[in-house]
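# Fold and contact review
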Amino acid sequence: MFQKSSWIRLPRNVVVGHGVLDETVDAVAELHLTGRPLVVTSPTPKEVAGDRVVEAFGAEGEEPALTTVEEASFEEVQRVIETARASEAGFLIGVGGGKVIDITKMAADELGLGFVSVPTAASHDGIVSGRGSVPEEDTRHSVAAEPPLAVVADTEILAEAPWRLTTAGCADIISNYTAVKDWQLAHRLKNVEYSEYAGALSQMTAEMLVENADSVKRGLEESAWVVVKALVSSGVAMSIAGSSRPASGAEHLFSHQLDRLVPGAALHGHQVGVGSIITEYLHSGETEWRKIRDALARIGAPTTAEELGIDDETVIESLTTAHRIRDRYTILGDGVSEPAAREAARATGVI
Ligand SMILES: NC(=O)C1=CN([C@@H]2O[C@H](COP(=O)(O)OP(=O)(O)OC[C@H]3O[C@@H](n4cnc5c(N)ncnc54)[C@H](OP(=O)(O)O)[C@@H]3O)[C@@H](O)[C@H]2O)C=CC1
Ligand SMILES: O=C(CO)COP(=O)(O)O
Ligand SMILES: [Zn+2]
């Protein structure tokens, strides 16, 4: 008897465009969410968009509660849950970068409340995904979380954000190439469940972004449009898979390890991009990694340890220990030896 089942949860409203932040109240009204909103944000996104969202709901007579988070941690998730309970929030709105959106979606999940995603940077593909990514001691969890009921992505705000945030989002998408290869490898070697649809969507998203790389230029609002569409599409791939596998392979383990070794040294997207150059080399040897490096370079994302602002030895340490971050089989297998890591990093010009 056929017994497979799956439950794919996707946003109902994805509102993207110039000035759409002013449509947040309408996008929420459409969802029939009731009660007091809790706006979760962080210092810069609060200035850029959070205060405007609070004002807009206030003008409708629904005075929102507001809380500001500083880091992605389970303690912060717990604090947001307590704030939501204390303020009797009916739903949550996350206004910010990947850190804020992850915390909000996990708190909403725990509370059983609806969640709306308002990205202020096109820097990561967690905007739509039903996953949260949180470090804890020696590991990095990928937690099932509440996906957003709506996404409000204002390209005016995204385009005004520092350019490096947009190139980080591009690199997070380009890293899908190696994430899918790792997933297929784990399917073949470890019988990990693989979704053809999610894998194909993730790969196609990376291909389309690379094909449109010429429209991704500093100062061009269209860039924010191209990148945010790709970030949404990559998040949908994760929702179809019910895992971050389509968008997170060995290059992400490498980045998560860098976050432990040198916290805050570089952006998530930039780290996974450089990781992807190396892991593509480990997958396929001499030529394919150049395509990843060239795509990153065309967009203006880092392609070397130096451009990341991370020293060579830390890159090697991260490469040789990244497989320990979580139980996710990748091209790193049960560990890359130090000489092999050094050879891969040198051959690709990363160090
Ligand atoms: N769940 C998922 O599926 C995914 C999760 N992630 C996670 O997302 C995080 C990475 O996201 P990322 O956005 O790079 O990290 P952050 O949320 O830390 O944001 C990076 C920086 O950008 C600032 N910022 C945000 N918006 C603006 C703006 N409009 N103008 C100026 N500065 C701005 C933030 O300010 P401030 O310091 O004030 O916050 C912060 O300093 C990681 O934790 C990663 O693991 C990434 C991909 C997928
Ligand atoms: O960053 C992600 C996808 O881009 C997902 O993060 P995880 O590696 O924690 O699953
Ligand atoms: Zn990522």
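From a predicted model like this one, the values you see are computed outputs, not experimental measurements. (Residues numbered from 1 in each chain as written. Chains lettered and ligands numbered in written order. Predicted model: local features only at pLDDT ≥ 70, side-chain atom pairs only at ≥ 80, totals over all residues. Heavy atoms only, no water.)

### Brief notes about the site of ligand 2
Surveying the vicinity of ligand 2 reveals the residues Asp-125, Ser-133, Ser-142, Asp-172, Met-238, Ser-244, Ala-247, Ser-248, His-252, His-256, His-268 and Arg-326. Interatomic distance of 3.0 Å between a side-chain N/O atom of His-252 and an oxygen atom of ligand 2. A distance of 2.7 Å separates an oxygen atom of ligand 2 from a polar atom in the side chain of His-256. Per-class residue counts for the shell around ligand 2 are two nonpolar, seven polar and three charged. (Near = heavy atom within 4 Å. Polar contact = N/O pair within 3.5 Å; in protein donor to acceptor, adjacent residues only side chain to side chain. Nonpolar A, V, L, I, M, F, W, Y, C, P; charged D, E, K, R; others polar.)

### A look at a negative patch on the surface
A cluster of acidic side chains, namely Glu-70, Glu-71, Glu-75, Glu-136 and Glu-137, defines a negative patch on the protein surface. Within the fold, Glu-75 resides in helix α3 (residues 74-86). (Patch = residues over 30% accessible without salt bridge, like charges linked within 9 Å, V, L, I, M, F, W, Y side chains within 5 Å. Areas by Shrake-Rupley, 256 points an atom, 1.4 Å probe, with all protein chains shown as cover. Salt bridge = Lys/Arg side-chain N within 4 Å of Asp/Glu carboxyl O. Lys, Arg positive; Asp, Glu negative; His and termini not counted. Charge placed at Lys NZ, Arg CZ, Asp CG, Glu CD. Helix = DSSP H or I, 4+ residues; strand = E, 2+ residues; numbered from the N terminus.)

### Examining the packing of aromatic side chains
Per the counting criterion, the structure on display carries two aromatic pairs. Between Trp-183 and Tyr-194 the ring centres are 4.6 Å apart and the planes differ by 65°, which places this aromatic pair in the edge-to-face class. Note that Trp-183 is positioned in helix α7 (residues 176-190) and Tyr-194 in the loop between α7 and α8 (196-211), a separation of eleven residues in sequence. Taking relative accessible area as the criterion, Trp-183 reaches 3% and is therefore assigned buried. Look at Tyr-194 and you get buried, because its relative accessible area is 15%. Directly above the ring of Tyr-329 sits Lys-190, whose terminal nitrogen or CZ lies 4.9 Å from the centroid. (Phe/Tyr/Trp six-rings, centres within 6.5 Å; stacked < 30°, edge-to-face > 60°. Buried < 20%, exposed > 50% of the residue type's maximum accessible area, 1.4 Å probe, protein only. Lys NZ or Arg CZ within 6 Å of the ring centre and 35° of its normal.)

### A few points about the coordination of the zinc ion (ligand 3)
Of the protein atoms, only Asp-172 (OD), His-252 (NE2) and His-268 (NE2) coordinate the zinc ion (ligand 3), at distances of 2.1 to 2.2 Å. Coordination of the zinc ion (ligand 3) draws on donor residues from a single chain, spaced D-x79-H-x15-H in sequence. In this pair, Asp-172 is assigned in helix α6 (residues 163-174) and His-252 in helix α10 (residues 250-261), connecting sequence segments 80 residues apart. Each member of the pair Asp-172 and His-252 is classed as buried. (Donors = N, O, S within 2.8 Å, 3.2 Å for Na, K, Ca; no water.)

### Focus: helix α14 (residues 312-321)
Residue pairs spaced three or four apart in an α-helix point in one direction, given the helix's 3.6 residues per turn. With seven of ten residues buried, α14 is to be regarded as a mostly interior element. When α14 is considered as a whole, its buried residues turn out to be Thr-314, Val-315, Ile-316, Ser-318, Leu-319, Thr-320 and Thr-321. Packing partners of the buried residues in α14 comprise α10, α11 (268-284), α13 (305-308) and α15 (338-347). Between a side-chain oxygen at the N-terminus of α14 and the backbone nitrogen of Glu-313 the separation is 3.1 Å; the capping residue is Asp-311. (Contact = heavy atoms within 4.5 Å.)

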